[in-house]
Amino acid sequence: MGMEQNNQMTEKISFEDFKSEILNDYRLACMSREASLLGRKEVLTGKAKFGIFGDGKEVAQIAMSKVFQDGDFRSGYYRDQTFMFASGMSNVQSFFAQLYANPDVIEEPSSAGRQMNGHYGTRFLDENGNWKNLKNSKNSSSDISPTAGQMVRGLGLAFASKLYRNQPALRQSTEFSENGNEVCFVTIGDASTSEGLFWETVNAATVLQVPLEIFCWDDGYGISVPRKFQTGKNSISDALAGFQHDDESGGLEIYKVKGWDYPSLCETFKRGIEKVRETHIPALFHVQEITQPQGHSTSGSHERYKSKERLEWEKEMDCIKKMKEFIIENAIAESAELAVIEEACKQEVQDAKKTAWTNFLTPIQMQIAGAAHLFNELIAEGNPQSETIRSITQQLQAIREPLRRDVMKSLARVLQYATGSTASHNLQQFYQQLKDDAHEKYSSVLHSVSPKSVANVQEVKPIYDAVPVQLNGFEILNKFFDHTLTTNPLVFAFGEDVGNIGDVNQGFAGLQQKHGKWRVFDTGIREASIMGQGIGMAMRGLRPIAEIQYLDYLLYGLQPLVMMWLLCSIEPKAGKNAP
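Please read all numbers here as calculations on a predicted model, not as lab measurements.

*Asks:* Residues and numbers for the packing of helix α2 (residues 58-65) against helix α8 (residues 262-279), please.
*Replies:* In contact at an axis separation of 9 Å, α2 and α8 are set at 35 degrees when each is read in the N-to-C sense. Crossing handedness for the pair α2 and α8: right-handed. Contacts from V59, A60, A63 and M64 of α2 reach α8 at Y262, L265, C266 and F269. Tallied by class, the residues present in the contact of α2 with α8 amount to 8 nonpolar, no polar and no charged.

*Asks:* A description of the pattern of salt bridges should follow, citing residues and the corresponding values.
*Replies:* Under the definition given, this model contains 32 salt bridges. One salt bridge in this structure joins K19 and E337, with 3.4 Å as the shortest N-O distance. You can see K19 sitting in helix α1 (residues 3-44) and its partner E337 sitting in helix α11 (residues 335-380), a full 318 residues away along the chain. Residue K19 is classed as buried on the basis of its relative accessible area, which comes to 17%. We note a salt bridge from E267 to R271, for which the minimum N-O separation is 2.9 Å. Of this pair, E267 and R271 both sit in helix α8, 4 residues apart, which is roughly one turn of the helix. In this structure R271 comes out as partly exposed when scored by relative accessible area, which is 41%.

*Asks:* Which residues make up the pairing of strand β4 (residues 212-217), and what values do they have?
*Replies:* Most of β4 sits out of view: 6 of its 6 residues are buried. Side chains L212, I214 and C216 project from β4 onto one buried face, and the interleaved E213, F215 and W217 project onto a second face that is buried too. Pairing of strand β3 (residues 184-189) with β4, which is carried by 6 bridges, proceeds in the parallel orientation. For V186, the partnering residue across the bridge sits in β4 and is I214. Chirality of the crossover, the property in question, places the unit of β3, helix α6 (residues 196-208) and β4 among those that are right-handed. In this sheet, strand β8 (residues 283-288) lies alongside β4 in parallel orientation, the contact comprising 5 bridges. Note on β8: the bridge partner recorded for F215 is F285.

*Asks:* Outline a positive patch on the surface, supporting the account with residue identities and numerical values.
*Replies:* A cluster of like positive charges, contributed by K49, R405, K409 and R413, occupies part of the molecular surface. Residue placement: R413 occurs in helix α13 (residues 404-415). Taking the relative accessible area as the measure of exposure, R413 reaches 33% and is therefore partly exposed.

*Asks:* Break down the sheet that holds strand β10 (residues 520-522) for me, citing the residues and quoting the values.
*Replies:* On the basis of which strands lie adjacent, the open sheet formed by 3 strands has the order β10-β9-β11 and parallel pairing. The sheet is open, and its two borders are formed by β10 and β11 (543-547), each paired with just one other strand. Recorded for the sheet is a direction-independent mean angle of 20 degrees between the axes of neighbouring strands. Inspection of the sheet shows strand β9 (residues 491-495) paired to β10 by 3 bridges, in the parallel sense. Directly across from F494, in β10, lies its bridge partner F521.

*Asks:* I'd like a rundown of the sheet that holds strand β1 (residues 73-75), residues and numbers included.
*Replies:* Reading across from one edge, β2-β1-β3-β4-β8-β7 is the order of the 6 strands in this open sheet, with parallel pairing throughout. Both edges of this open sheet fall to β2 (139-140) and β7 (253-258), since each of them pairs with a single strand only. Looking at chain direction, β1 and β3 are connected through 3 bridges and run parallel. Residue pairing across strands places F73 opposite C184, the latter belonging to β3. Packed on one face of the sheet, helix α5 (residues 149-166) meets β1, β3 and β4 and runs near 165 degrees to β3.

*Asks:* Hey, could you go over the environment of M537 for me, with residue numbers and the actual values?
*Replies:* Within the secondary structure layout, M537 lies in helix α17 (residues 527-538). For the pair M537 and G370, spaced 167 residues apart in sequence, the C-alpha to C-alpha distance is 48 Å.

*Asks:* Describe unusual backbone geometry, with residues and values.
*Replies:* Even without glycine at this site, A101 takes up a positive phi of about 60 degrees. Structurally, the position occupied by A101 is in the loop between α4 (92-99) and β2. A relative accessible area of 29% places A101 in the partly exposed class. For Q506, which is not glycine, the phi dihedral falls at a positive 70 degrees. Tracing the backbone shows Q506 in the loop between β9 and α16 (511-515).

So, how was this worked out
- Within each chain, residues carry numbers counting from 1 in the order of the written sequence.
- Local features are withheld for residues below a pLDDT of 70 in this predicted model, meaning they are given only at 70 or higher, and side-chain atom pairs are given and counted only at 80 or more; totals for whole chains, interfaces and linings count all residues.
- Side-chain calculation: all heavy atoms of the structure are included, whereas hydrogens and water are not.
- An axis is simply a line fitted to the C-alpha atoms; with a helix, the fit covers only the stretch in contact. Between two such axes, the angle follows the N-to-C directions and lies from 0 to 180 degrees.
- The secondary structure listing takes helices from DSSP runs of H or I that are at least 4 residues long and strands from runs of E that are at least 2 residues long, numbered from the N terminus.
- Rotating anticlockwise by less than a right angle from the far helix to the near helix defines a left-handed crossing, while the corresponding clockwise rotation defines a right-handed one.
- Here a residue-residue contact requires only that any non-hydrogen atoms of the pair lie within 4.5 Å.
- Residue type decides the class: Asp, Glu, Lys and Arg count as charged, Ala, Val, Leu, Ile, Met, Phe, Trp, Tyr, Cys and Pro as nonpolar, and the leftover types, Gly among them, as polar.
- Whenever a carboxyl oxygen of Asp or Glu lies within 4 Å of a side-chain nitrogen of Lys or Arg, that contact is scored as a salt bridge.
- The buried label applies to any residue whose accessible area, calculated with a 1.4 Å probe on protein chains only, is under 20% of its type's maximum; exposed applies above 50%, and partly exposed to all values in between.
- DSSP calls a pair of strands paired once it identifies at least 2 bridges connecting them.
- By definition, the crossover connecting two strands over a helix is right-handed if that path, from the first strand to the second, turns clockwise as seen with the strands pointing away from the viewer.
- Within the patch definition used here, like charges are joined within 9 Å and nonpolar side chains (Val, Leu, Ile, Met, Phe, Trp, Tyr) within 5 Å, considering only residues with over 30% relative accessible area and no salt bridge.
- Shrake-Rupley sampling with a 1.4 Å probe provides the accessible areas, and residues are treated as covered by the protein chains on show and by no other component.
- Here the positive residues are Lys and Arg and the negative ones are Asp and Glu; neither His nor the chain ends is included.
- The location of each charge is read from NZ of Lys, CZ of Arg, CG of Asp or CD of Glu.

In structure tokens, the structure reads:
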């Protein structure tokens, strides 16, 4: 083979690989859009109760997923479905299982139906409470509904990388980090940047210089309220211009890119994330001209507040439409080939939806069959209320899309007519069995049930000297903190005035000097992000001591703490086959 032929072959292979990647990205975008469209229909037909989707952000999130690596963390919000699909942390069938609130942790691994749709998360612990190897997996903290709440925990997830890079004693923790190369992706809607948690986190990230990437999806509205009423200068990147990084005073890098510009998104994210990963300089990606084809959620229609001109503009600037134009204009594929992909995606999503619905419905249908069988036993015994029981049975069996509550309601009604017969006893047992099953699905694991649960910690009885030494309370705390910092390299203490002066109440007096500025350090006056910083650090295997000076100051830190408690309360029990 001559040199010219070899070069032609190399160019052909390179183009085929290039084409394959782009068409796969287009397929992912179409698949996610179809999931959004069908998801809305499932809500409007009554199969699901509420829906909020990520349509309009598909192309940007696919570009984002290309630079998300094993070991990285996501701290996002409820419009990230395309990113979750593209990164392999979720799939379309699980998307619909969550929409239906399937309580099976295998079907809906994010929360076993306990969270609203669009709320994702991956497991950091195995069924025994032991850490998984987070360095070798893509990771997502569990989403929360309060807008911008994801910001503060993202700060802690990113700060952990800084500690893993700069603390030699942590290098033995190989399941958590590879020299602090991991970055944290935080996603947020433009309107939510009005929240104080956003500004507090941005400020702290620039002070700490941590590998935090903020992807701001700007569709011009916060539900119905236009951006000009939300954001100073009508642009979050312009409002943050004073934070722009320079070598002398630090800051964060700010990038602007259009949400429909596929090649620019890929290039900008690649260039920006590579710098964050290497330098730990935080970054904001202001993704502009995002559209919202179906409006904010299933609670209303955006035709109520958007002009006809705006709606027409959104159709023209739809990211999937623009990506299709890019592919055709650059002779990557023809319209007919893309049409085949589009139709295949529709069928694939339809199949996933049907499977998710069948898997949700089948256990309920089995409960109905079991209840009907027991109802008929009562009738066969000659129960005096047989006609009423038969009517209840027929009503239950006639429900096209039954819920578990329909079964329980019917059982409760029939039990009123049950006497002390064998059939009545069997029916009562079945009712209790379903109640126990419902408790396991919806009310269990409100606290840890693993062997590592605090409830399993053995009490250590105090031992008193014959002539005990009298110490002030702060001195006792100081000795405890000193001992803990000495014996456990995973422990870090921080808060307002904790470092240099050892806390205003002297609980950490002299400990920064003894253990170093990385182990005991000061923060700004930012209680919410102090709590979030601690939560994020703990999610990555560290043992933070996040100090708030006084109880009154804790009020600002309650939101991240409360949301962390709620997430722990909805963590489903994972069986041996759970992801």
